[in-house]
Amino acid sequence: MKVIDIYSKGEYPSNVLSNFYKNSFVVDGINCASMEGFLQSLKVKSPDRQKRICLLSGIEAKNAPCWYEIIRWKLTGTLYWKGKPISRSSDKYQRLLDKAYFSLSENEDFRTALKDSIGYKLCHYIGKHNSKKTVLTEYEFISRLYRLRRQVMKELNHE
């Protein structure tokens, strides 16, 4: 089976499925320019600053949180959404990720890339596995892509 390694500098559809790609979506009324912007915003307490980070994509989003915000969440395991703390290890956090990815799946470019990935194994070789060191593990990322792709496949079969 052929493999697609999800990577921002990879060839299509790998690049469009990357969190760095500028796939806009709205989650809980907050505009996001990319999944990376959303994920990095979770490290920030301030709701206003969080909204600004959500509007970023690519490396700009990745580098938006300050060093102390990165250290704080890694030491405490606490992230934030809309000014409220959320434990990185909680089911509530997993539901927030599900909601964000479901919202992202409504983006037409992202949906098309999911369709074009059908028949390929998805992976993210540069992804981390330890949830204490990343806000999105490789497993959390890839499993959501598979779930969304299955939904797209169901919709295609009903058209």
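Residues numbered from 1 in each chain as written. Predicted model: local features only at pLDDT ≥ 70, side-chain atom pairs only at ≥ 80, totals over all residues. Heavy atoms only, no water.

(A) Quick look at the side chain of His124. If you trace the backbone, His124 turns up in the loop between strand S6 (121–123) and helix H8 (138–158). Residue His124 is classed as buried on the basis of its relative accessible area of 16%. A distance of 2.7 Å separates a polar side-chain atom of His124 from the backbone oxygen of Ile6. Contacts of His124, omitting those with residues within four sequence positions, involve Asp5, Ile6, Glu138, Phe141 and Ile142. (Helix = DSSP H or I, 4+ residues; strand = E, 2+ residues; numbered from the N terminus. Buried < 20%, exposed > 50% of the residue type's maximum accessible area, 1.4 Å probe, protein only. Polar contact = N/O pair within 3.5 Å; in protein donor to acceptor, adjacent residues only side chain to side chain. Contact = heavy atoms within 4.5 Å.)

(B) Region of interest: the environment of Leu145. Note that Leu145 resides in helix H8. Sequence-wise, Leu145 and Leu122 are 23 residues apart; in three dimensions their C-alpha atoms are separated by 8.1 Å. When neighbours within four sequence positions are excluded, Leu145 is seen to be in contact with Ile6, Phe110, Leu114 and Leu122.

(C) Here's a closer look at a nonpolar patch on the surface. Side chains of Trp67, Tyr68, Ile71 and Leu75 sit close together on the surface and give an oily, nonpolar patch of about 520 Å² of accessible area. Among the secondary structure elements, Leu75 is positioned in helix H5 (residues 67–76). Residue class for Leu75 comes out exposed when judged on its relative accessible area of 73%. (Patch = residues over 30% accessible without salt bridge, like charges linked within 9 Å, V, L, I, M, F, W, Y side chains within 5 Å. Areas by Shrake-Rupley, 256 points an atom, 1.4 Å probe, with all protein chains shown as cover. Salt bridge = Lys/Arg side-chain N within 4 Å of Asp/Glu carboxyl O.)

The values reported here are purely geometric and, on their own, carry no functional implication.
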